[in-house]
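Examining the three-dimensional arrangement
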Amino acid sequence: MPFSRIVILTGAGISAESGVDTFRDKGGIWSKVDYRDVATPEGFARDPDRVHEFYNMRRQRMKDVQPNAAHFALARLEREFQGEFLLVTQNIDDLHEKAGSQKLLHMHGEHTKALCANCGSRHEWREDLSRAIPCPACGSKGYLRPDVVWFGEMPYHMEAIYQALRSADLFISIGTSGNVYPAAQFVQEAARAGAYTVELNLEPSEGIDDFAEAIHGRATEVVPAFVERLLKV
Ligand code: APR
Ligand code: ZN
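So, a few notes on the structure that sits alongside this text. The written sequence of each chain sets the order in which its residues are numbered from 1. Here every chain gets a letter starting at A, and every ligand a number starting at 1, in the order they are written. Local features in this predicted model are restricted to residues whose pLDDT is 70 or higher, and side-chain atom pairs enter the listing and the counts only when it is 80 or higher, whereas totals over whole chains, interfaces and linings include all residues. Hydrogens and waters are ignored; side-chain quantities use all the structure's heavy atoms.

**Remarks on the site of ligand 1**
We call a residue near a molecule or strand as soon as one heavy atom of that residue lies within 4 Å of the molecule or strand. Contacts to ligand 1 come from 23 residues, most closely from Ala12, Phe23, Arg24, Thr176 and Ser177. A 3.5 Å cut-off defines polar contacts: any pair of N or O atoms within that distance qualifies, except that in protein one atom must be a possible hydrogen donor and the other a possible acceptor, and neighbouring residues in sequence count only when both atoms are side-chain atoms. Within the backbone of Phe23, one N or O atom sits 2.7 Å away from an oxygen atom of ligand 1. Between ligand 1 and Glu203 there is a distance of 3.3 Å, counted from an oxygen atom to a side-chain nitrogen or oxygen. Coverage of ligand 1 by the protein chains reaches 94% of its 730 Å² of free accessible surface. Computed over the protein atoms alone on a 1 Å grid, cavities are sets of points where a 1.4 Å probe fits but cannot get out and pockets are open sets with protein on both sides within 12 Å along at least five of seven lines; a residue lines them when it has an atom within 4 Å of a point. A pocket or cavity is taken to hold a molecule when more than half of that molecule's atoms are within 2 Å of the pocket's grid points. Placement of ligand 1 is best described as lying within the largest pocket. In this classification, Asp, Glu, Lys and Arg are treated as charged, Ala, Val, Leu, Ile, Met, Phe, Trp, Tyr, Cys and Pro as nonpolar, and every other residue, Gly included, as polar. Taken together, the residues that form the shell around ligand 1 break down as eight nonpolar, ten polar and five charged. Computed with a 1.4 Å probe, the accessible areas rest on the Shrake-Rupley method; for each residue, only the protein chains presented here act as cover.

Shown next as structure tokens:
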């Protein structure tokens, strides 16, 4: 294999065939709910119960959702690839973990974590959240929120992500529409570092012109095939 440092970015499209709704496809989440009401700090300040209800419903639904062949293919690539590997996901589901991925960063946070806006503590959280629940660390009520990055907030792990992008020789973008920054700009960062850039997606993303190669199709087909090709070289 001619590559030694791989960075992968995934979005909602990799979880679509596991039954998780994407955001901007036809009938996607943002066609049913206004993101300003449930995915912004202002929305949370305005109506925290509405935000808790939105994430509680999705957290519950995540319990029965299983990883698909694309998640498993990325976990296989991490195990069998000899060089440096980093998987960055925009997704807040835990399907990459369930498939066995370990070198993984959730830049938009995680469903299964709660954050206390009062003391800054983080907690594993798989049940419903509400204003009535006291923070396990500081005891305050009404400050626990889903530990997810809302619009207008700074994504997590940016330092580590840019460091990896700047030394990558292969960047693969999977299942993302390329609508949301800074993730949408990672391909340019990697290309600037001289990386070969590949898009694996159901259809051309907003950033399609920035990629050296694009393979369009369903993730459960194109991702295992691409991993096979990478590991064969
Ligand atoms: N296989 C591969 N790609 C797919 C599949 C599939 N089965 N189904 C959908 N896709 C593609 C769509 O073509 C689309 O380009 O996945 C992409 C999903 O795009 P979005 O719904 O915009 O999701 P994403 O890019 O992850 O959104 C980024 O926006 O709302 C915020 O924080 C949220 O992390 C999210 C961010
Ligand atoms: Zn607290």
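**Observations concerning the packing of aromatic side chains**
One pair of aromatic rings is described through two measures. These are the centre distance and the angle between the planes. Between rings of Phe, Tyr and Trp, where Trp is taken as its six-membered ring, a pair exists when centres lie within 6.5 Å; planes separated by under 30 degrees are stacked, by over 60 edge-to-face, and by other angles tilted. Counted under the stated rule, the structure contains eleven aromatic pairs. A centroid spacing of 6.2 Å and a plane angle of 65 degrees characterise the contact between Trp30 and Tyr35, whose relative ring orientation is edge-to-face. Lying over the aromatic face of Trp150, Arg145 brings its terminal NZ or CZ to 3.8 Å of the ring centre. Put simply, a charge is over a ring when the Lys NZ or the Arg CZ is close to the ring centre, within 6 Å, and near the line of the ring normal, within 35 degrees.

**Comments concerning the side chain of His123**
Only runs of H or I of at least four residues qualify as helices and only runs of E of at least two qualify as strands under DSSP, and these elements are numbered from the N terminus. Within the secondary structure, His123 is located in strand S5 (residues 122–124). Given a relative accessible area of 15%, His123 falls into the buried group. Of note is the side chain of His123, whose polar atom sits 2.7 Å from the side chain of Ser121. With near-sequence residues (within four places) excluded, His123 lies in contact with Thr112, Lys113, Ala114, Cys135, Pro136, Ala137 and Leu144. Residue exposure (1.4 Å probe, protein chains only): buried if accessible area is under 20% of the type maximum, exposed if over 50%, otherwise partly exposed. Residue contacts are counted whenever heavy atoms from the two residues lie within 4.5 Å of one another.

**Thoughts on the coordination of the zinc ion (ligand 2)**
Four donors placed tetrahedrally around a metal ideally meet at 109.5 degrees, and six donors placed octahedrally ideally meet at 90 or 180 degrees. For Na, K and Ca the donor cutoff is 3.2 Å, while for all other metals N, O and S atoms count as donors only within 2.8 Å; water does not appear among the atoms, so some sites may look incomplete. Taken together, the protein ligands of the zinc ion (ligand 2) are Cys116 (SG), Cys119 (SG), Cys135 (SG) and Cys138 (SG), with distances of 2.2 to 2.3 Å. All donor residues of the zinc ion (ligand 2) come from one chain, and their arrangement in sequence is C-x2-C-x15-C-x2-C. Look at Cys138 and you get partly exposed, because its relative accessible area is 33%.

**Let's talk about the pairing of strand S2 (residues 84–89)**
Counted residue by residue, S2 has five buried out of six residues, so it is predominantly covered. Strand pairing follows a simple DSSP-based rule, namely that at least 2 bridges must link the two strands. Bridge count between strand S1 (residues 5–10) and S2: six bridges; the pairing is parallel. Residue Arg5 lies in a different strand from S2, and its bridge partner there is Glu84. The pairing of S2 with strand S3 (residues 104–106) spans three bridges and is classified as parallel.

**Quick notes on helix H7 (residues 158–166)**
It helps to recall that an α-helix has 3.6 residues per turn; residues three or four apart then point in one direction. All of the buried residues along H7 are Met158, Ile161, Tyr162, Ala164 and Leu165. Taken end-on, H7 shows its buried residues confined to a sector of 160 degrees, consistent with a single buried face. In H7, the exposed residues that point more than 90 degrees away from the buried face are Glu159, Gln163 and Arg166. Each C-beta atom gives one direction from the helix axis, and the arc is the one those directions make.

**What to know about the layout of surface pockets**
Its boundaries defined by the atoms lining it, the largest pocket holds a volume of some 920 Å³. Taken together, 48 residues make up the lining of the largest pocket; nearest its centre are Gly11, Ala12, Phe23, Arg24 and Thr176. Counting only elements with at least two residues in the lining of the largest pocket, the list comes to helix H4 (48–62), strand S8 (196–201) and helix H9 (219–232). Grouping the constituent residues of the lining of the largest pocket by class yields 21 nonpolar, 17 polar and ten charged. Approximately 190 Å³ is the volume found for the second largest pocket. Contributing to the lining of the second largest pocket are 14 residues, with Asp21, Ile29, Met57, Arg58 and Arg61 lying nearest its centre. Elements that contribute at least two residues to the lining of the second largest pocket include exactly helix H1 (29–32) and H4. At five residues, the largest contribution of residues to the lining of the second largest pocket is made by H4. Grid points are joined across faces, edges and corners, and a volume is the space filled by probe spheres set on the points.

**Some details on unusual backbone geometry**
Going from Tyr181 to Pro182, the amide bond is cis rather than trans, its omega being 5 degrees. Position of Pro182 among the secondary structure elements: in the loop between strand S7 (170–174) and helix H8 (186–192). A positive phi angle is found at His157, which is not glycine, with a value near 65 degrees. With respect to the secondary-structure elements, His157 resides in the loop between strand S6 (144–148) and H7.

**Some details on the nonpolar core**
Membership of the largest hydrophobic core comes to 23 residues, with the highest contact counts inside it found for Ile6, Ile8, Ile172 and Val223. Counting residues per element, the ones that place at least two in this core are S1, helix H5 (69–80), S2, S7, S8 and H9. The dominant element in this core, judged by the number of residues it contributes, is H9, at six residues. Counting 19 residues, the second largest nonpolar core, distinct from the first, contains Met107, Leu165, Ala168 and Val187. What is meant by a nonpolar core is a set of buried Ala, Val, Leu, Ile, Met, Phe, Trp, Tyr and Cys residues, joined one to another through side-chain atoms within 4.5 Å.

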